[in-house]
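Structural overview
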Amino acid sequence: MNKQLCTCPHCLTQQQESTGAISTYCKHCHMYYRIEPVRMRRVVRLPKENRVLKCPACEWSCRVVSSAMSSQCENCGTYLDLRNYRIVGANGDPIFTFGSVEFASTAQYRSWEVVADQIFVAGRVHSGLRAFTSIELQERGSVRGCQRAPLIRVAERADVVAVRIEADTLDVQGVLRADTIVLTGTLKVHPGAAVVAREIICGGLDVARGAALQGKLTTQLPAREADMLNCTSQYDTGARAAQSVLVAEVSEAQDASDSATEIPAAQTDPEMAGQPAAPAESSGPALSDMAATLPGAPGPRRKSAFLRREISPHRITSRSFFASRVGAATPSGATSSKSAGYLG
Amino acid sequence: MFRLQHIAPSIIGPGLRLRGELSFERGVIVGGTVQGAIATSGCVHLTATGSVSGAVRADAMVIEAGGRFEGKVTIGEATGLLPREEKGGPFRRRRTA
Ligand SMILES: [Zn+2]
Ligand SMILES: [Zn+2]
C-alpha cells in the first residue's frame, strides 16, 4: 500500500498512514485528528486509449487501449479482437483481428477470409487475406485466394503462388506467380526478383535491371480504373481508415532476446499464454526495422506488448502437449533465424 | 518519384508518334506515343506523358505515374528467372496443396 507520514497536531509524533486515510488516532497520545488531503498522492495511472480503430460493423472510430486484448465498439457494441495470432499446423478457425496474424512455415490454413492489421505468411494458406496495413509473403509462403492490403511485400527468397493481389503498392524481392495483380500504385520488382502474372493492372512500374517480369500489363485505363476501385473499395472503407488513424505508440516492447526468455514461462503455465502479462513480440523489432526501410511503408508501427495466441488444430488441454507445442513453435533459435531472414 | 536511372540514348519526345516494330540498342525514354512492339537490351522508361500499346521486351522497365501502357511485357529474359515458354499461359500453376 502507499503510505504517507502524518504528524499529530497535539504531540507532533509522526506515524505512517495509508494515503487513502482522512483521519486517524495518534499512537502516542491517542488523540483523534484529521489528515490533510495529500496533494502529492500517487496518481493511479489509467492506461492510455491511444489506438483508434474503425468498427467493422458501423465504422465508428473506437479508441482502445493499445495493450488491450479485445474491446467493444462504443457505438454498436461489436466485439473487437485485438490479439495477435500465430497459426501452426492444420487450422481453419475464422480470424478477424486488429492485431497481426502470422502463418508459421508449418501452417496449413484453410478458410474463407482472414482479416487482420498485418499478416505474415510463411506457410500454406488457402484463404483470402485482407490486411489493414500490410501483408508479407515470406519464404515458402503460399496463398490461394485474394489478397488485399495497402502494402503487399514478397520477401527475398520467397516463392509465392497467389491467385489475385489487390494493393496500393506491391514490393517484390522474391518470386511471385499470380493470376491477376491490381494495384492503384506501383509495382516494384527488385534485382533478382521475378513476377509472372497473367494480367497486371498498375499505376506505375519499376522493374530494376536484373529483375524479371512477364505478363499482360495495363496502366491507367479509365474503365479499368473504375473496375479496380470496385475491387478495392471493400478494404478501402476499413483498411485505409484504420491505417491512417493507427496512432504511433512507443511501447515497452522488449527485444527479441527478452522475448525468448519469456517462452519457458508460457510452457509452465498454459493459462498464461493468452494473458497480457508477458510482453513478448518475438519478431517485433526486426519487423519494424524492416518496415521502416521499406519504400512506401506506412510510417509508425504499433508494437504490441502481449503474447501471440497460438492456434492449434486441437484445443489445448494437456499441459505437456502445450509445452511441447509452444516449444516447437516458437523456440528462441527460430526467433533469431527468422529475424535474420527478414533482414538478410 | 522515379529517377531516370537507366540513362538511355534514345528519346521519343512528347508529341512524337511512332507506329511499328521498334528496336533500341541501349534503351529508350518514351514521352510520346508508340503503337507497336519495342525491343531493347536496355531500359524502357515511360514518362508521365508517354503512351505505349504493344509488346515490350527489355532488361528493365519504368512507368511513371500517368504513363500509359497496354500490352505484353517480358522484362529480364536474360536473368533466367522467367519460366520457359509455357503452354497454358504465363501463370504456371504449381501444385501446392
Ligand atoms: Zn499525539
Ligand atoms: Zn460499431
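The residue numbering used here restarts from 1 in each chain and proceeds along that chain's sequence as written. Going through the entries in the order they are written, you letter the chains from A and number the ligands from 1. Since the coordinates come from a predicted model, pLDDT governs what is reported: local features require at least 70, and pairs of side-chain atoms require 80 or more to be given and counted, while whole-chain, interface and lining totals use all residues. Processing note: side-chain calculations cover all non-hydrogen atoms of the structure and skip hydrogens and water entirely.

1. Regarding the overall build of chain A
The line we're drawing: Put simply, DSSP H or I for four residues or longer makes a helix, DSSP E for two residues or longer makes a strand, and each gets a number counted from the N terminus. Residue exposure (1.4 Å probe, protein chains only): buried if accessible area is under 20% of the type maximum, exposed if over 50%, otherwise partly exposed. The criterion used for residue contact is that any of the two residues' heavy atoms lie within 4.5 Å. Areas reported as accessible are Shrake-Rupley estimates using a 1.4 Å probe. Residue values count occlusion only from the protein chains shown.
The helix and strand inventory of chain A stands at 5 helices and 23 strands. Each of the 344 residues in chain A was classed as buried or not, and the buried ones make up 53%. The contacts in chain A between residues at least 6 apart in sequence include a share of 28% that link residues at least 24 apart. When the accessible area of chain A is evaluated, it comes to approximately 15600 Å², of which 54% is carbon and sulfur surface.

2. Overview of the coordination of the zinc ion (ligand 2)
Residue and element names in this part refer to chain A. Put simply, the rule reads: The rule for donors is simple: an N, O or S atom within 2.8 Å of the metal counts, and for Na, K and Ca the reach is 3.2 Å. Water is not among the atoms, so a site may look short of donors.
Every protein donor of the zinc ion (ligand 2) is listed here as Cys 55 (SG), Cys 58 (SG), Cys 73 (SG) and Cys 76 (SG), and their distances to the metal cover 2.2 to 2.3 Å. Judged by relative accessible area, which is 2%, Cys 55 ranks as buried. The exposure class assigned to Cys 58 is partly exposed, which follows from its relative accessible area of 27%.

3. Observations regarding the coordination of the zinc ion (ligand 1)
All names here are of chain A. Heads up, the condition is: Irregular is the label for any site that misses the other tests, which are tetrahedral for four donors with all angles between 85 and 135 degrees, and square planar for four donors or octahedral for six when opposite donors exceed 155 degrees and the remaining angles lie between 65 and 115.
Coordination of the zinc ion (ligand 1) by the protein is provided by Cys 8 (SG), Cys 11 (SG), Cys 26 (SG) and Cys 29 (SG), with metal-donor distances spanning 2.1 to 2.4 Å. Classification of the site at the zinc ion (ligand 1) rests on its 4 donor atoms, whose angles at the metal span 102 to 124°, yielding the label tetrahedral. All donors to the zinc ion (ligand 1) come from one chain, and their sequence spacing reads C-x2-C-x14-C-x2-C. By relative accessible area, which is 27% here, Cys 11 ends up partly exposed.

4. Quick look at the nonpolar core
Selection rule: Residues belong to a common nonpolar core when they are buried Ala, Val, Leu, Ile, Met, Phe, Trp, Tyr or Cys residues joined through side-chain atoms within 4.5 Å.
In this structure, Phe 103, Leu 176 and Ile 181 of chain A together with Val 56 of chain B are the most contacted members of the largest nonpolar core, which totals 60 residues. Discounting chain neighbours no more than four positions away, the residues touching Phe 103 of chain A are Ile 87, Tyr 109, Val 114, Ile 119, Phe 120, Val 121, Ala 122, Gly 123, Val 125 and Leu 129 of chain A. Ranked by size, the runner-up nonpolar core spans 11 residues in total, among them Cys 55, Cys 62, Cys 73 and Leu 82 of chain A.

5. Looking at the packing of aromatic side chains
Residue and element names in this part refer to chain A. Our working definition: Classification of ring pairs rests on two measures: the distance between centres of Phe, Tyr or Trp rings, Trp counted by its six-membered ring, which must be within 6.5 Å, and the angle between planes, read as stacked under 30 degrees, edge-to-face over 60 and tilted in between.
With the rule as written, the count across this model stands at 5 aromatic pairs over all chains. A ring pair is formed by Phe 96 and Phe 132, whose centres lie 6.4 Å apart and whose planes are at 55°; its orientation type is tilted. Here the residue Phe 96 occupies a position in strand S11 (residues 95-96), and Phe 132 occupies one in strand S14 (residues 124-137), the gap between them amounting to 36 residues. One aromatic cluster is present, built from ring pairs that chain together Phe 96, Phe 98 and Phe 132.

6. Observations concerning the interface of chain A and chain B
Selection criterion: Values labelled buried area give the accessible surface lost by two parts on being combined, using a 1.4 Å probe and summing over both. The working definition used for a salt bridge is a side-chain nitrogen of Lys or Arg within 4 Å of a carboxyl oxygen of Asp or Glu. Pairs of N or O atoms within 3.5 Å make up the polar contacts considered here, provided that, within protein, one atom can donate a hydrogen while the other can accept it, and that residues adjacent in sequence are counted only when both atoms are side-chain atoms. Whether two strands pair comes down to DSSP finding at least two bridges between them.
At the interface, 38 residues of chain A touch 37 residues of chain B. Summing both sides of the interface, chain A and chain B together bury roughly 3100 Å²; the carbon and sulfur share of this comes to 52%. The three residues of chain A that bury the most area against chain B are Arg 177, Arg 209 and Gln 214 of chain A, which together make up 20% of that side's buried surface. Put simply, chain A and chain B have 1 salt bridge between them. We note a salt bridge from Glu 70 of chain B to Lys 216 of chain A, for which the minimum N-O separation is 3.9 Å. Taken together, the links from chain A to chain B amount to 7 residue pairs in polar contact (both at pLDDT 80 or more). Those elements that provide at least two residues to the side of chain A that touches chain B are strand S17 (159-172), strand S18 (175-183), strand S20 (194-202), strand S21 (204-207) and strand S22 (212-219) of chain A. Ranked by residues supplied to the side of chain A that touches chain B, first place goes to S22 of chain A with 8 residues. Here 6 bridges tie S22 of chain A to strand S11 (residues 68-75) of chain B, and the two strands are oriented antiparallel to one another. Bridging across to S11 of chain B, Gln 214 of chain A finds its partner in Thr 74 of chain B.

7. Examining the confidence of the model for chain A
To keep things clear, this is the line we draw: Per-residue confidence from the predictor is reported as pLDDT, which spans 0 to 100.
Per-residue pLDDT for chain A has a mean of 69; in total, 60% of the residues score no lower than 70. Taken together, the stretch residues 222-344 of chain A has pLDDT below 50 and engages in 181 contacts with residues farther than four places along the chain or on a different chain.

8. Observations regarding the environment of Ile 119 of chain A
Within the secondary structure layout, Ile 119 of chain A lies in strand S13 (residues 108-121). C-alpha separation for the pair Ile 119 of chain A and Thr 133 of chain A, spaced 14 residues apart in sequence, amounts to 8.5 Å.

9. Quick look at the environment of Glu 49 of chain A
Residues and elements named next belong to chain A. Turning to its location among the elements, Glu 49 is positioned in the loop between strand S4 (32-34) and strand S5 (51-54). A residue is classified by how much of its surface remains accessible, and Glu 49, at 44% relative accessible area, is partly exposed. Sequence separation between Glu 49 and Arg 63 is 14 residues, and the spatial gap between their C-alpha atoms is 5.6 Å. Residues contacting Glu 49, with those up to four places away along its chain left out, are Arg 63, Val 64 and Val 65.

10. What to know about the pairing of S11 of chain B
Residues and elements named next belong to chain B. Bridge count for strand S8 (residues 51-53) against S11 is 3 bridges, and the pairing is parallel. Looking across to S11, one finds that Val 52 is bridged to Phe 69. Note that strand S9 (residues 56-58) and S11 share 3 bridges and pair parallel. Its bridge partner being in S11, Val 56 is matched across the sheet by Val 73.

11. Focus: the pattern of salt bridges
Residues and elements named next belong to chain A. In total, this model carries 12 salt bridges over all chains according to the counting rule given. Across the salt bridge formed by Lys 188 and Asp 206, the nearest N and O atoms sit 3.3 Å from each other. On the criterion of sequence distance, the pair formed by Lys 188 in strand S19 (residues 186-189) and Asp 206 in strand S21 is long-range, its members being 18 residues apart. Overall, the relative accessible area of 26% leaves Lys 188 in the partly exposed class. Salt bridges linked by common partners bring Glu 113, Arg 130 and Arg 148 together as one network.

12. Topic: unusual backbone geometry
Unlike most non-glycine residues, His 30 of chain A shows phi in positive territory, near 60°. Along the chain, His 30 of chain A turns up in the loop between strand S3 (23-25) and S4.

13. Overview of the pairing of strand S2 (residues 14-18) of chain A
All names here are of chain A. Residues Gln 15 and Glu 17 point to one face of S2 and are all buried, whereas Gln 14, Gln 16 and Ser 18, pointing to the other face, are not buried. Across 5 bridges, strand S1 (residues 3-7) lies against S2 in antiparallel orientation. In the sheet register, Cys 6 faces S2, and the bridge partner there is Gln 15. With antiparallel pairing between neighbouring strands as the criterion, S1 and S2 make up a hairpin whose turn holds 6 residues, including Leu 12 at a positive phi of roughly 60°.

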